[in-house]
Amino acid sequence: MTMKMKALLGSVALALMATSASAADLACLITKNNTNPFFVKMKEGAEAAATAAGLDFQAYAGEKDGDAAPQITAIENCIAAGAKGILITPSNDSVGPVLKEARAAGILVIALDTPLADPEAQDITFATDNFEAGLLIGKWAAATMGDTSGAKIAMLDINKDNISVDVARDTGFLVGFGIEVPDLSVMGSETDARVIGHESSDANPEGGLRAMETLLAKDPDINVIYTINEPAAEGAYQAMKNAGKENQALIVSVDGGCPGVASVKSGVIGATSQQYPLLMASKGIEAIVAFAKDGTKPTVTEGLSFFNTGVNLVTDKPAEGVPSIDTVKGTELCWG
């Protein structure tokens, strides 16, 4: 465990000690997969916080983004085990009905990072403001480019399911860049000719490579690349490099993992919006402890529909009017 993680969890542990749970109480964490460093760090944080609080802990994951069947089975297992709380990064909204069953059984359900469309499927969401994360990289890209009239933009999303986190980052980026988005609830409603197209990356390097190759075939002069996360950005950069165009485009992303911050430092990614999965998970465990003790439920951040765990733009090329931190600070705060 890193010193950063120990320090953060130490402060969480102090809060948990005052309201420690029964050793019989169970918390479940269900992530989209167990390979993305974001979810790996989330599991680390949840497990450490659960141990500090005296909670039993079980972790489950899908095989990849969008893989809901294993998550549904995991939720059913947690219900059967009598869990006090479930923390979940839902793969898509098909997990909603069984989460409603969990809530009906008296289980606290907290969505992490990705809220469900049905508000009855979760008690609350602990998340980055994903629209703000997209907005920051969009504003940075526009300010860095200066004259955006000649922009040719590639959009690398997760998939076509309109998952809330995917939509928020995508549309936030476009709004930040100055593209009119008629419908903020879906991806692709914009008609601006500067957007060359949207392709699915599956939020991994292989998908990012494939998606970027597809978009380069449509327009070889793409000069701005939005990516849902840094693994997809890695694949996009490789596609550009394979085509001999690695210096042609600004690449922007979201996550703020240590490999992603290193990519910003090396110039592969121009800027990324850093989120804090460790905090999401540890705060989620803290909420389950309070709920197990006396039924207290967490509340949303004022003015928002969720509990905001924060976001910072990380870049070594700051743009006027766009708040940011550099890669030195980003490295201090990164994960993975």
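The model shown is predicted, which means the values in this text are computed figures rather than measured ones.

Enquirer: Give a detailed account of the pattern of salt bridges, specifying residues and quantitative values.
Expert: Oppositely charged side chains are able to pair whenever their charged atoms sit close together. In total, this model carries twelve salt bridges according to the counting rule given. In this structure, Lys-152 engages Asp-219 in a salt bridge whose closest nitrogen and oxygen atoms are separated by 3.3 Å. Taken together, the positions of Lys-152 in the loop between helix H5 (130-145) and strand S6 (153-157) and Asp-219 in the loop between helix H7 (205-218) and strand S8 (224-227) put the pair 67 residues apart, joining distant regions of the chain. By relative accessible area, Lys-152 is classed as partly exposed at 27%. Through salt bridges with shared partners, one network takes in Arg-103, Glu-120, Asp-123 and Lys-297.

Enquirer: Can you break down the pairing of strand S7 (residues 195-200) residue by residue, with the values?
Expert: Of all six residues in S7, five are buried; the element is thus mostly enclosed. Once you follow S6 into helix H6 (residues 164-177) and on to S7, the crossover reads as right-handed.

Enquirer: Residues and numbers for helix H2 (residues 37-53), please.
Expert: The first and last C-alpha atoms of H2 sit 24 Å apart over 17 residues, in line with the 24 Å expected at 1.5 Å per residue. Every buried residue of H2 is listed here: Phe-38, Phe-39, Lys-41, Met-42, Gly-45, Ala-46, Ala-48, Ala-49, Ala-50 and Ala-53. In this structure Asn-36 caps H2, since a side-chain oxygen of it lies 2.9 Å from the backbone nitrogen of Phe-38. Of the residues trailing H2, Gly-54 is marked for its positive phi of about 80 degrees.

Enquirer: Tell me what's going on with the sheet that holds strand S5 (residues 124-127), and back it up with residues and numbers.
Expert: Spatially, S2-S1-S3-S4-S5-S11 is the arrangement adopted by the six strands of the open sheet, whose pairing is parallel. On the outer flanks of this sheet lie strand S2 (56-61) and strand S11 (307-308), each paired with one strand and no other. Across three bridges, the pairing between strand S4 (residues 108-112) and S5 is parallel. Bridging across to S5, Ala-111 finds its partner in Thr-125. Of the strands in this sheet, strand S1 (26-31), strand S3 (85-88), S4, S5 and S11 touch helix H10 (residues 277-294), which is tilted by about 170 degrees from S4.

Enquirer: Hey, could you go over the packing of aromatic side chains for me, with residue numbers and the actual values?
Expert: One pass over the structure, following the stated rule, counts five aromatic pairs. Centre to centre, the rings of Phe-126 and Phe-307 are 4.9 Å apart; their planes meet at 40 degrees, and the pair counts as tilted. With Phe-126 in strand S5 and Phe-307 in strand S11, the pair connects residues that are 181 residues apart, well separated along the chain. Each member of the aromatic cluster is reached from another via a ring pair, and the members are Phe-38, Phe-39 and Trp-335.

Enquirer: Residue-level account of empty space enclosed by the protein, with values.
Expert: Going through the model one piece at a time under the given rule, you end up with one cavity of 30 Å³ or more. As for the largest cavity, its lining consists of 14 residues, and the residues nearest its centre are Phe-39, Asp-65, Asp-113, Arg-169 and Asn-229. Taken together, the elements giving at least two residues each to the lining of the largest cavity come down to H2 and H6. The residue inventory of the lining of the largest cavity, partitioned by class, reads six nonpolar, three polar and five charged.

Enquirer: Which residues make up unusual backbone geometry, and what values do they have?
Expert: Positive phi values are uncommon outside glycine, yet Asn-162 reaches one of about 55 degrees. The residue Asp-202 is not glycine, and still its phi comes out positive at about 55 degrees. Within the secondary structure layout, Asp-202 lies in the loop between S7 and H7.

Enquirer: Help me get a handle on the state of the cysteines, residues and values and all.
Expert: Applying the stated criterion across every chain, the model contains two disulfides. Here Cys-28 engages in a disulfide with Cys-78; their sulfurs sit 2.3 Å apart. In this structure the cystine formed by Cys-28 and Cys-78 twists about its S-S bond by roughly -115 degrees; its chirality is therefore left-handed. A residue pair is termed long-range when its members are at least 10 positions apart, and Cys-28 in strand S1 and Cys-78 in helix H3 (residues 69-80) qualify at 50 residues. Pair check on accessibility: Cys-28 and Cys-78 agree, each one buried. The disulfide partner of Cys-258 is Cys-334, and the S-S distance across this bridge is 2.0 Å. In this structure, the disulfide formed by Cys-258 and Cys-334 twists by about 90 degrees around the S-S bond and is classed as right-handed. In this pair, Cys-258 is assigned in helix H9 (residues 258-266) and Cys-334 in the segment after helix H11 (327-333), connecting sequence segments 76 residues apart. On the basis of relative accessibility, which here comes to 23%, the residue Cys-258 falls in the partly exposed class. Across the protein chain, the disulfide pattern expressed with sequentially numbered bonded cysteines is 1-2, 3-4.

Enquirer: I'd like to hear about the side chain of Asp-166, residue by residue, with values.
Expert: Inspection of the secondary structure puts Asp-166 in helix H6. Buried and unpaired, Asp-166 has Arg-169 as its nearest opposite-charge partner, separated by 7.2 Å. Among the polar contacts listed, one links the side chain of Asp-166 to the backbone nitrogen of Ile-158, at a separation of 2.9 Å. Among all residues touching Asp-166, those that are not within four sequence positions of it are Asp-157, Ile-158, Asn-159, Met-187, Tyr-226 and Ile-228.

Parameters and conventions
- Residues numbered from 1 in each chain as written.
- Predicted model: local features only at pLDDT ≥ 70, side-chain atom pairs only at ≥ 80, totals over all residues.
- Heavy atoms only, no water.
- Salt bridge = Lys/Arg side-chain N within 4 Å of Asp/Glu carboxyl O.
- Helix = DSSP H or I, 4+ residues; strand = E, 2+ residues; numbered from the N terminus.
- Buried < 20%, exposed > 50% of the residue type's maximum accessible area, 1.4 Å probe, protein only.
- Right-handed = clockwise from strand over helix to strand, strands pointing away.
- Expected span 1.5 Å × (residues − 1).
- Polar contact = N/O pair within 3.5 Å; in protein donor to acceptor, adjacent residues only side chain to side chain.
- Pairing = 2+ DSSP bridges.
- Contact = heavy atoms within 4.5 Å.
- Axes fitted to C-alpha atoms, helices over the stretch in contact; angles between N-to-C directions.
- Phe/Tyr/Trp six-rings, centres within 6.5 Å; stacked < 30°, edge-to-face > 60°.
- 1 Å grid on protein atoms, 1.4 Å probe; cavity = no way out; pocket = protein on both sides within 12 Å on 5 of 7 lines; lining within 4 Å.
- Points joined across faces, edges and corners; volume = space filled by probe spheres on them.
- Nonpolar A, V, L, I, M, F, W, Y, C, P; charged D, E, K, R; others polar.
- Disulfide = S-S within 2.5 Å.
- Lys, Arg positive; Asp, Glu negative; His and termini not counted.

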